[in-house]
Amino acid sequence: MDIESIRKEALDNLKQIKNKEDLDLFKKDYLGKKGKIREFFSSIKDLPIEEKKTLGQKINQLASEIEEIFLLKEKNFNKEEKEEIDLTLPAKPTELGSLHPITQVKREMERIFQLMGFSVVEGPEIEDEWYNFDALNIPEGHPARDALSLGKTFYLKGGNLLRTQTSSAQVRYIEKMKPPIRIIVPGKVYRYEKTDASHETNFFHLEGLLVDENVSVANLKAVLKKFLEEFFKREVDIRLRPSYFPFTEPSFEVDMLCTVCDGKGCSACKRTGWVEILGSGIVHPNVIKNGGLDPKKYKGFAFGLSIDRPTMMNYKINDIRLFHSGNLNFLKQF
Ligand SMILES: [Zn+2]
C-alpha cells in the first residue's frame, strides 16, 4: 500500500463515522499500536536510510493530518453527547407569536356588537356586480357607481369582482334572514388605489345592518354612540352630518368629538374639534326590496367603518402599509 491510498481510505472512513463506536474503531484501525500507520512504519524499516527518511517524513505528515481531523470529529461528538444529556441546561426560550393588531381590534369590535345583540357573519370576498352594486341601489350608469367604486374595482374573469365594501353582504342576509336582522360583517375589502401612508389596496371594513319594523335614526345614533364609548372606553360625543350614499336615505357621516383635544381643535382633528369616524344611514327602500322584503313594513339602518383606521388611532401607527408588510419588528410590538 502507498501513502496516497492509505490517506484516501482514511479520509473516506472518517467521513462515514456516525457514532462513538465508529470513532473508536477508526482510532484502533489507523492510530492505534497495531493500526495501519504503525504498520506502514514497520514495513519501511528495511529500506535504505535515505529512502526511509523521506518516506518516514511523509508518513508522519499523514499521521498528523489524520489525527487532527479525527480529534476534531471526536470533540464534536463529545459536545453533541454533552448537549444531549445535560438536563440542567436552561431551555431555549420559545418565541410566542401574537395576534395581528387588526385582528385584536376586529375582535374587540365584534365583542361589543355581540353584547348589543348583533351576530357576526361573513360575506364572500369574491362578489358579483349584483350584490356589490345593483342590489345596493347602484345600477349601471348611476354616477355613484363611477364616483364610489367602479374606477377602483378589481374585476375578475367571468364578471366577478373583489368586493369594494362589506356592504355587499347586506342584501345576501336580508334575503336569507327573517327580521329582526342584527348583523355585523367584518372583513377584507379591495380597492384599486395608489398606495401611500393612508391608502392601501386591501384593508378591513366592518358593516352593520339592522332591519326591523319601526327603525329610526335615533336607534342608529344610540347604537353607534354606545359602540364608540365601549370601544374608546370613555364618554364620546357624536354628530350626524348629512351625506350621500346610494344605499341609504337619509345618509350621514358620523363625526366624533376629538378625543385628543376634547373638541378644542388640534392637529389630529384638523382644528375642527371633530373626527370623521364612519358612514351610515337608513337603508334605502330599494335595498330592502332587493332583499325580498316589503319596504313599507320594514326599515333598517346600516353603517360601515374602517377597522384599519381605529387600529392606527389606537396604537399610534402612522403608515397603513405596515399592516401587510410582514415586518416582524412592527408585529412584535403587539
Ligand atoms: Zn382635536
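Remember, it's a predicted structure, so these values are computed and weren't measured experimentally.

Basis of the calculations
Position numbers for residues start from 1 in each chain and track the written sequence from start to end. Selection of residues for local features in this predicted model requires a pLDDT of at least 70, selection of side-chain atom pairs for listing and counting requires 80 or more, and totals for whole chains, interfaces and linings are taken over all residues. Note on conventions: DSSP H or I runs of at least 4 residues are helices, E runs of at least 2 residues are strands, and numbering of each starts at the N terminus. Here the C-beta atoms are placed from the backbone, and a residue counts as buried if at least 20 other C-beta atoms lie within 10 Å of its own, exposed if 12 or fewer do, and partly exposed otherwise. Distance between backbone-placed C-beta atoms decides contact: two residues are in contact if it is within 7 Å. Two strands form a pair only when DSSP identifies at least two bridges running between them. A fitted line through C-alpha atoms serves as each axis, taken over the contacting stretch for helices, and the angle formed by two N-to-C directions is quoted from 0 to 180°. To sort the angles, those under 35 degrees are grouped as roughly parallel, those over 145 as roughly antiparallel, those from 65 to 115 as roughly perpendicular, and the leftovers as oblique. Crossings are sorted by hand: turned counterclockwise from the far helix by less than a right angle, the near helix makes the crossing left-handed, and turned clockwise it makes it right-handed. Here the nonpolar group is Ala, Val, Leu, Ile, Met, Phe, Trp, Tyr, Cys and Pro; Asp, Glu, Lys and Arg are the charged ones; every other residue, Gly included, is treated as polar. What makes a nonpolar core is a set of buried Ala, Val, Leu, Ile, Met, Phe, Trp, Tyr and Cys residues, with links drawn between C-beta atoms within 7 Å. A helix is expected to span 1.5 Å multiplied by its residue count minus one.

### Focus on the overall build of the protein chain
And step 1. Secondary structure assignment for the protein chain yields twelve helices and nine strands.
And step 2. In terms of its C-alpha atoms, the protein chain occupies a principal-axis envelope of roughly 120 × 50 × 35 Å.
And step 3. Within the protein chain, buried positions represent 28% of all 334 residues.
And step 4. Considering only residue pairs separated by 6 or more positions, the protein chain has 64% of its internal contacts joining residues 24 or more positions apart.

### Points about the pairing of strand β8 (residues 274–283)
And step 1. In the sheet, strand β7 (residues 248–257) pairs with β8 via eight bridges, with the strands oriented antiparallel. If you follow Val254 over to β8, its bridge partner there is Leu278.
And step 2. Judged from the four bridges that link them, β8 and strand β9 (residues 299–306) form a sheet pairing that is antiparallel. Residue pairing in the sheet places Ser280 in a bridge with Phe303 of β9.

### Details of the packing of helix α5 (residues 101–115) against helix α9 (residues 217–232)
And step 1. As a packed pair, α5 and α9 sit with axes 10 Å apart at the nearest point and diverge in direction by 135 degrees. With respect to α9, the axis of α5 lies oblique. The crossing of α5 and α9 is right-handed. In this structure, α5 uses Glu108, Met109, Ile112 and Phe113 to contact α9, whose residues at the interface are Phe227, Glu230 and Phe231.
And step 2. When grouped by side-chain class, the residues that make up the contact of α5 with α9 number five nonpolar, no polar and two charged.

### Here's the deal with the nonpolar core
Looking at soluble globular proteins, one finds that nonpolar side chains tend to be buried together.
And step 1. Counting residues in each nonpolar core, the largest one holds 45 residues, and the members touching the most others are Leu136, Val211, Leu224, Val283 and Val287.
And step 2. When neighbours within four sequence positions are excluded, Leu224 is seen to be in contact with Ile238, Val254, Ser280 and Phe303.

### Here we look at the packing of α5 against helix α11 (residues 308–315)
And step 1. At their nearest, the axes of α5 and α11 sit 9 Å apart, and the two run at 105 degrees to each other. As summarised for this structure, α5 and α11 are arranged roughly perpendicular, according to the angle between their axes. Contacts from Pro101, Ile102 and Val105 in α5 reach Asp308, Pro310, Thr311, Asn314 and Tyr315 in α11.
And step 2. When the residues that make up the contact of α5 with α11 are grouped by side-chain class, the tally is five nonpolar, two polar and one charged.

### Details of α5
An α-helix turns once every 3.6 residues. As a result, residues three or four positions apart point the same way.
And step 1. Counted at 1.5 Å a residue, the expected span for α5 with its 15 residues is 21 Å, and the 21 Å between its end C-alpha atoms agrees.
And step 2. In the core, the buried residues of α5 are packed alongside β4 (181–190), β5 (202–212), α9 and α11.

### A look at the environment of Pro124
And step 1. Counting through the fold element by element, Pro124 comes out in the loop between β1 (119–120) and β2 (126–128).
And step 2. In sequence terms Pro124 and Arg172 are 48 residues apart; their C-alpha atoms lie 9.9 Å from each other.

### A look at helix α8 (residues 169–176)
And step 1. Every buried residue of α8 is listed here: Ala169, Gln170, Val171 and Ile174.
And step 2. Looking at the buried residues of α8, the elements they touch are α6 (129–132), β4, β5, α10 (285–290) and β9.

### Some details on the sheet that holds β8
And step 1. The strand order across the open sheet built from seven strands is β1-β4-β5-β9-β8-β7-β6, with neighbouring strands paired in mixed fashion. The outermost strands of the open sheet, each flanked by one partner alone, are β1 and β6 (238–245).
And step 2. Against the sheet, α9 makes contact with β6, β7, β8 and β9, and its axis sits at roughly 120 degrees relative to β6, the strand it touches most.

### With respect to unusual backbone geometry
And step 1. Here the residue pair Pro179 and Pro180 is connected by a cis peptide bond, since its omega of 5 degrees sits within 30 degrees of zero.
And step 2. Of note, Asn214 is a non-glycine position whose phi angle comes to about 50 degrees, a positive value.
And step 3. By the secondary structure assignment, Asn214 is in the loop between β5 and α9.
And step 4. The backbone of Lys233 sits at a positive phi, close to 55 degrees, despite the residue not being glycine.
And step 5. Taking the number of C-beta atoms within 10 Å as the measure of exposure, Lys233 has 7 and is therefore exposed.

### So, the pairing of β5
Each regular strand displays side chains that alternate between the two surfaces of the sheet.
And step 1. The element β5 is largely enclosed, with a buried count of eight among its eleven residues.
And step 2. Here ten bridges tie β4 to β5, and the two strands are oriented antiparallel to one another. Paired with Ile183 across the two strands is Leu209, which belongs to β5.
And step 3. Judged from the eight bridges that link them, β5 and β9 form a sheet pairing that is antiparallel. When the bridges of β9 are listed, Val211 appears paired with Gly300.

### Details of the environment of Lys194
And step 1. Inspection of the secondary structure assignment puts Lys194 in the loop between β4 and β5.
And step 2. Separated by 184 residues in the primary sequence, Lys194 and Ala10 place their C-alpha atoms 65 Å from one another.

### A look at the environment of Ala169
And step 1. With respect to the helices and strands, the residue Ala169 is situated in helix α8.
And step 2. For the pair Ala169 and Pro124, spaced 45 residues apart in the sequence, the C-alpha separation amounts to 7.7 Å.
And step 3. Excluding anything up to four places from it in sequence, Ala169 contacts Val121, Gly123, Val185 and Glu207.

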